[in-house]
Amino acid sequence: SAVISQKPSRDICQRGTSLTIQCQVDSQVTMMFWYRQQPGQSLTLIATANQGSEATYESGFVIDKFPISRPNLTFSTLTVSNMSPEDSSIYLCSAGWVGNEQYFGPGTRLTVT
Amino acid sequence: AQKITQTQPGMFVQEKEAVTLDCTYDTSDPSYGLFWYKQPSSGEMIFLIYQGSYDQQNATEGRYSLNFQKARKSANLVISASQLGDSAMYFCAMREGRDNFNKFYFGSGTKLNVKP
């Protein structure tokens, strides 16, 4: 199976600051996805990141709050900006390969105080 | 309407017994894929099994099998011979279309507890 890594695995941040989460995959993929999972909830897609173009955001998520970079086919970052306690969640990146496999990174557990 | 519905917030099963986790879906796209993921308390999402809408046979992966009933739009996960390590959240998900670029819709999840 594919390997997806994320950094940091967890962080505790102050309100009003920003955190950048990195996602690295071990093979080239066209699309990468960023999800948020609030405590006790299911996964919600934040945006889809295609290499070489701007990310596509889902309803309720905006680029100013969650800027995404996708500089190459194996890497992406998600920044959570101007954080508030409501941003406390697990953030997961995901990627799909040829065929039907879709894998997730181990997640970044963010707590905002 | 919800794309994916999981009606069991929590389930208990005795170790070594089989358990079925329910999932129904809603789509008008004739081509779609159905996925099950396991999420232990560590938070990672572990891919378990996949079923394509055109697959004739139910998918199986070790102790996991997917009971796919297309006319009823259900894709239940069956775990045979439950183990203590199976205790986790389980999410059903759907991807519409043939592209693996398309986004996923997730259900609300079922928390499975395996009792010794």
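Placed above this text is the structure.
To start, this report covers the structure provided alongside it. Please read all numbers here as calculations on a predicted model, not as lab measurements. (Residues numbered from 1 in each chain as written. Chains lettered and ligands numbered in written order. Predicted model: local features only at pLDDT ≥ 70, side-chain atom pairs only at ≥ 80, totals over all residues. Heavy atoms only, no water.)

Describing the overall build of chain B
For the record, the criterion: A run of H or I in DSSP becomes a helix once it reaches four residues, and a run of E becomes a strand once it reaches two; helices and strands are each numbered from the N terminus. All radius of gyration figures rest on C-alpha atoms, and the globule criterion is 2.2 Å times the number of residues raised to 0.38. Buried means the residue's accessible area, taken with a 1.4 Å probe over protein chains only, is under 20% of the maximum for its type, while exposed means over 50%, and partly exposed covers the values in between. Note on contacts: a residue pair qualifies if any of its non-hydrogen atoms lie within 4.5 Å across the two residues. Using a 1.4 Å probe, accessible areas were evaluated by the Shrake-Rupley method; residue-level cover was limited to the displayed protein chains. When charges are counted, Lys and Arg are positive and Asp and Glu negative, with His and the chain ends excluded. Positions of charges follow a simple convention, taking NZ of Lys, CZ of Arg, CG of Asp or CD of Glu.
Scanning chain B from N- to C-terminus turns up 0 helices and 12 strands. Ordered by position in the sequence, the α and β elements of chain B form the string β-β-β-β-β-β-β-β-β-β-β-β. Over its C-alpha trace chain B gives a radius of gyration of 14 Å, about what one expects of a compact globule, namely 13 Å for 116 residues. Projected onto the principal axes, the alpha-carbon positions of chain B cover approximately 40 × 25 × 25 Å. With 116 residues in all, chain B has 48% of them scored as buried. Counting contacts in chain B only where the partners sit at least 6 residues apart, residues at least 24 apart contribute 54% of the total. Surface accessibility of chain B: about 5,600 Å² in total, with carbon and sulfur atoms responsible for 47%. With 12 positive and 11 negative side-chain charges, chain B shows a spacing of 2 Å between the two charge centroids.

Quick notes on the interface of chain A and chain B
Short version of the rule: In this description, buried area is defined as the sum, over both parts, of the accessible area (probe of 1.4 Å) that is lost when the two are combined. Any carboxyl oxygen of Asp or Glu that lies within 4 Å of a side-chain nitrogen of Lys or Arg is treated as forming a salt bridge with it. In protein, a polar contact requires one atom able to donate a hydrogen and another able to accept it; more generally it is a pair of N or O atoms within 3.5 Å, and residues adjacent in sequence count only if both atoms are side-chain atoms. Following the grouping adopted for this structure description, the nonpolar residues are Ala, Val, Leu, Ile, Met, Phe, Trp, Tyr, Cys and Pro, the charged ones are Asp, Glu, Lys and Arg, and the polar ones are all others, Gly among them.
The interface of chain A with chain B comprises 23 residues on the first partner and 20 residues on the second. Between chain A and chain B, roughly 1,700 Å² of surface is buried when both sides are summed, and carbon and sulfur atoms account for 54% of that area. Inspection of the chain A/chain B interface yields 1 salt bridge. For the interface between chain A and chain B, the tally reads 7 residue pairs in polar contact (both at pLDDT 80 or more). Put simply, the parts of the chain that give the side of chain A that touches chain B at least two residues each are β4 (31–37), β9 (89–96) and β10 (102–104) of chain A. Ranked by residue count, the leading element in the side of chain A that touches chain B is β4 of chain A, at 4 residues. Residue classes in the side of chain A that touches chain B are distributed as 12 nonpolar, 9 polar and 2 charged.

Overview of the state of the cysteines
All names here are of chain A. Quick note on the threshold: In this description, the term disulfide denotes a pair of cysteine sulfurs within 2.5 Å.
All chains considered together, the criterion is met by 2 disulfides over all chains. A sulfur-sulfur separation of 1.9 Å characterises the disulfide bridge that pairs Cys-23 with Cys-93. Where Cys-23 bonds to Cys-93 through sulfur, the torsion about that S-S bond is close to 70°, and the disulfide is right-handed. On the criterion of sequence distance, the pair formed by Cys-23 in strand β3 (residues 19–25) and Cys-93 in strand β9 is long-range, its members being 70 residues apart. Note on accessibility: Cys-23 and Cys-93 belong to one class, buried. We note that Cys-13 lacks a disulfide partner, and the nearest cysteine sulfur, in Cys-93, lies 17 Å from it.

Re the side chain of Ser-31 of chain B
Residues and elements named next belong to chain B. Locating Ser-31 in the fold gives a position in the loop between β4 (24–25) and β5 (32–39). According to the relative accessible area criterion, Ser-31 is buried, its value standing at 9%. Once residues lying within four places of it in the same chain are set aside, the contact partners of Ser-31 are Ser-53, Tyr-54, Glu-96, Gly-97 and Arg-98.

Considering unusual backbone geometry
Put simply, Lys-7 of chain A and Pro-8 of chain A share a cis peptide bond, and its omega is -5°. With respect to the helices and strands, Pro-8 of chain A occurs in the loop between β1 (4–7) and β2 (10–13). We note that Asn-82 of chain A has phi near 45°; this positive angle belongs to a residue other than glycine. Inspection of the secondary structure assignment puts Asn-82 of chain A in the loop between β8 (75–80) and β9. Notably, Lys-73 of chain B is not glycine yet its phi reads approximately 55°, a positive angle. With respect to the secondary-structure elements, Lys-73 of chain B resides in the loop between β8 (64–69) and β9 (74–79). Since its relative accessible area comes to 30%, Lys-73 of chain B is described here as partly exposed.

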